[in-house]
Structure formats: structure tokens, C-alpha cells
Amino acid sequence: MEPAEPPGATATVDEPNDLPTAPCSVVWSGGHSYVREGTAGARWAGVDDRGRARFLTDAELHRRGWSRTRG
């Protein structure tokens, strides 16, 4: 069981779980790179295992898991 956060604790921009928000930022998920497109209503663009375009939202990347590095 994970310890509860102290009252009044909030997420900050520097936490590692926060996706980058700058256009053209790159993250990795499932062995594939995704590039952030746009600012308002932004999405993440990448390709699947067959080279077909794939677009993900921030929520989808959080569910799938992601990292800032390929490894």
C-alpha cells in the first residue's frame, strides 16, 4: 500500500510523471517515439509496429506508460 500524500500536496511541473508541454517534445512509449504536435488541444504523433501513423492524447500516454528516454 502506498503512503497517503500529506494534506495540501499538489503536483508540480518538475515531477517526472508530468508529460512535457513544449511543441516538438519527444517521449517514448512501447518502444516507439512520440512527438508533441501543437499547444492547445495538442496530441502526440508517432508510428505503430507497421509504420502506420498513430496519435495519442496525454491521458493515453499516461495509461500506456512513457519515459523521456528510449531505454
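Residues numbered from 1 in each chain as written. Predicted model: local features only at pLDDT ≥ 70, side-chain atom pairs only at ≥ 80, totals over all residues. Heavy atoms only, no water.

Pulling in residues and values, what's your account of the sheet that holds strand 2 (residues 32–37)?
Read from one edge to the other, the open sheet built from four strands follows the order 1-2-3-4, with strand pairing classed as antiparallel. Across the chains shown, the open sheet's two edge strands, defined by having one partner strand only, are strand 1 (26–29) and strand 4 (53–56). Averaged over all pairs of adjacent strands, the angle between strand axes in this sheet comes to 35°, irrespective of strand direction. (Pairing = 2+ DSSP bridges. Helix = DSSP H or I, 4+ residues; strand = E, 2+ residues; numbered from the N terminus. Axes fitted to C-alpha atoms, helices over the stretch in contact; angles between N-to-C directions.)

Can you break down the packing of aromatic side chains residue by residue, with the values?
Aromatic ring pairs are reported here in terms of the distance separating the ring centres and the angle at which the planes meet. One pass over the full model with this rule turns up zero aromatic pairs. The ring centre of F55 lies 3.8 Å from the NZ or CZ of R43, which sits over that ring. (Phe/Tyr/Trp six-rings, centres within 6.5 Å; stacked < 30°, edge-to-face > 60°. Lys NZ or Arg CZ within 6 Å of the ring centre and 35° of its normal.)

Which residues make up the pattern of salt bridges, and what values go with them?
Applying the stated criterion across every chain, the model contains three salt bridges. Here R36 ties to D58 by a salt bridge, and the two come within 3.0 Å at their closest N and O atoms. Pair noted here: R36 is in strand 2 and D58 is in helix 1 (residues 58–64), with a separation of 22 residues, a long-range link. With a closest N to O distance of 2.8 Å, R52 and D48 form a salt bridge. (Salt bridge = Lys/Arg side-chain N within 4 Å of Asp/Glu carboxyl O.)

This is a description of form; function is not addressed.
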